Amino acid sequence: DPEPAGLTLPAGTVITNVRISPQVSEAMLKYVAPVLAGATQSEGQFSLQLDGLRMPLADSKKTDSAGKLTVHSVRVTPGPTTQPFFNLAQQIESLIKRRDPAATREPAKLLSISDQQVSFRVVDGRAYHEAMEFQVGDVILRSQGSVGLADESLALNIQIPIQDAWVAKEPLLAGLKGQSLQVPVTGTLKRPQLDQRAVTSLTTQLLQNAAGQAVGNELNKALDKLFKPKQ
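Residues numbered from 1 in each chain as written. Predicted model: local features only at pLDDT ≥ 70, side-chain atom pairs only at ≥ 80, totals over all residues. Heavy atoms only, no water.

Student: Could you give an account of the overall build of the chain, naming the residues involved and the relevant values?
Tutor: Of the regular secondary structure elements, the chain holds four helices and 11 strands. Here the chain, with 231 residues, has 40% of them falling under the buried criterion. Taking as baseline every contact in the chain between residues at least 6 positions apart, the subset at least 24 positions apart corresponds to 60%. Only carbon and sulfur atoms are counted for the fraction: they give 53% of the accessible area of the chain, which is about 13000 Å². (Helix = DSSP H or I, 4+ residues; strand = E, 2+ residues; numbered from the N terminus. Buried < 20%, exposed > 50% of the residue type's maximum accessible area, 1.4 Å probe, protein only. Contact = heavy atoms within 4.5 Å. Areas by Shrake-Rupley, 256 points an atom, 1.4 Å probe, with all protein chains shown as cover.)

Student: Now, about the pairing of strand β6 (residues 116-123): what can you tell me, with residues and values included?
Tutor: Sheet topology note: the strand β4 (residues 64-77)/β6 ladder contains seven bridges and is antiparallel. Across the sheet, Lys-68 pairs through a bridge with Ser-119, a residue of β6. As judged from the four bridges shared by β6 and strand β7 (residues 126-136), these two strands associate in the antiparallel manner. Counted as the bridge partner of Val-123 is Arg-126 from β7. The hairpin turn running from β6 into β7, its antiparallel successor, is two residues long, and Asp-124 in that turn takes a positive phi close to 55 degrees. (Pairing = 2+ DSSP bridges.)

Student: A description of helix α1 (residues 22-32) should follow, citing residues and the corresponding values.
Tutor: Along an α-helix, residues three or four apart share an orientation, since each turn contains 3.6 residues. Every buried residue belonging to α1 is among Ser-25, Leu-29, Lys-30, Tyr-31 and Val-32, and all of these are buried. As for α1, its buried residues are in contact with β3 (41-56), β4, β6, β7 and β8 (139-148).

Student: Talk me through the environment of Phe-85; I want residue IDs and the actual numbers.
Tutor: For Phe-85, the location among the structural elements is in helix α2 (residues 83-96). We classify Phe-85 as buried; its relative accessible area is 2%. Between the C-alpha atom of Phe-85 and that of Pro-192, which follows or precedes it by 107 residues, the distance is 9.1 Å. Other than its neighbours up to four places away in sequence, Phe-85 contacts Phe-134, Ile-158 and Val-185.

Student: Residues and numbers for the nonpolar core, please.
Tutor: Membership of the largest hydrophobic core comes to 54 residues, with the highest contact counts inside it found for Leu-69, Leu-88, Ile-92, Ile-113, Leu-141, Ile-158 and Ile-160. If you tally residues by element for this core, the top one is α2, at seven residues. Aside from chain neighbours lying at most four places away, what touches Leu-88 is Leu-141, Ile-158, Ile-160, Val-183, Leu-194 and Val-199. (Core = buried A, V, L, I, M, F, W, Y, C linked by side-chain atoms within 4.5 Å.)

Student: So what about α2? Which residues, and what values?
Tutor: In this model α2 runs 20 Å from its N-terminal to its C-terminal C-alpha over 14 residues, within 8% of the 20 Å that 1.5 Å per residue would give. Counting buried residues in α2 gives 10 out of 14 residues, a clear majority hidden from the surface. (Expected span 1.5 Å × (residues − 1).)

Student: Can you explain the environment of Leu-88? Please cite residues and give values.
Tutor: Looking at the element boundaries, Leu-88 is found in helix α2. Given a relative accessible area of 1%, Leu-88 falls into the buried group. Between the C-alpha atoms of Leu-88 and Leu-194, which are 106 residues apart in sequence, the distance is 8.3 Å.

Student: So what's going on with the pattern of salt bridges? Residues and values would help.
Tutor: If you walk through the whole model with that rule in mind, you get eight salt bridges. Arg-54 serves as the salt-bridge partner of Asp-64, at 3.3 Å between the closest nitrogen and oxygen. Note that Asp-64 is positioned in strand β4 and Arg-54 in strand β3, a separation of 10 residues in sequence. For Glu-133, the salt bridge identified is with Arg-142, shortest N-O distance 2.8 Å. Its relative accessible area of 31% is what places Arg-142 among the partly exposed residues. (Salt bridge = Lys/Arg side-chain N within 4 Å of Asp/Glu carboxyl O.)

Student: Before we move on, could you go through the packing of aromatic side chains and cite the residues and values that matter?
Tutor: One pass over the full model with this rule turns up one aromatic pair. Aromatic side chains Phe-85 and Phe-134 sit 6.2 Å apart centroid to centroid with 90 degrees between the ring planes, which places their arrangement in the edge-to-face category. Residue Phe-85 is located in helix α2, and its partner Phe-134 is located in strand β7; the two are separated by 49 residues in the primary sequence. In this pair, the class of Phe-85 matches that of Phe-134, namely buried. (Phe/Tyr/Trp six-rings, centres within 6.5 Å; stacked < 30°, edge-to-face > 60°.)

Student: How would you summarise a nonpolar patch on the surface if you had to cite specific residues and measurements?
Tutor: Taken together, the side chains of Leu-7, Leu-9, Val-14 and Leu-57 define a hydrophobic patch exposed on the protein surface, amounting to about 320 Å² of accessible area. Structurally, the position occupied by Leu-7 is in strand β1 (residues 6-9). (Patch = residues over 30% accessible without salt bridge, like charges linked within 9 Å, V, L, I, M, F, W, Y side chains within 5 Å.)

Next up, the structure:
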């Protein structure tokens, strides 16, 4: 009394070094860290610190909260939900290393998250997170955006930084140094939909740069023949 009844929590640490399991990921972590959704196996620990929380007991989806999720050396084996992120990372890696993306190869087995803090906010029925970094093979990805609490809808942006090591090994990527590919993700946690335009753009740029380099090499050869002193 009086209605509406609600739960209020002060700022502070509420969870410390709890083991991550598929059950824990499915119950809560997937909203703040959607890359953990649907994982068939996982290992690592997490801690949770709140800046405060207000939750109407009649409708927990109207929770208003914020805080920080701390992950400790998490490794995840992909399930149906996380597999598209693995596929994206492998596509990028194939392009960088000049391999056929469609060629048969052993699929990536682990998604890893190094020790980090991820800020989150739960408001208006959605859980928002900022700058969660994870890695598949040699590819680093960063996730930010939101997940719907009721319908599990996704509004994410995946960033893939162009690494200096890639540019050093692949001169055709020189024009992308310091940049990041942006991949919007929609759909739901069970059926994420990745916008492939970033991969298409990278493929096009590599082909254009390769063609430009080939034309430049032929032009240099022609100039050499024209201006090289005759013996």
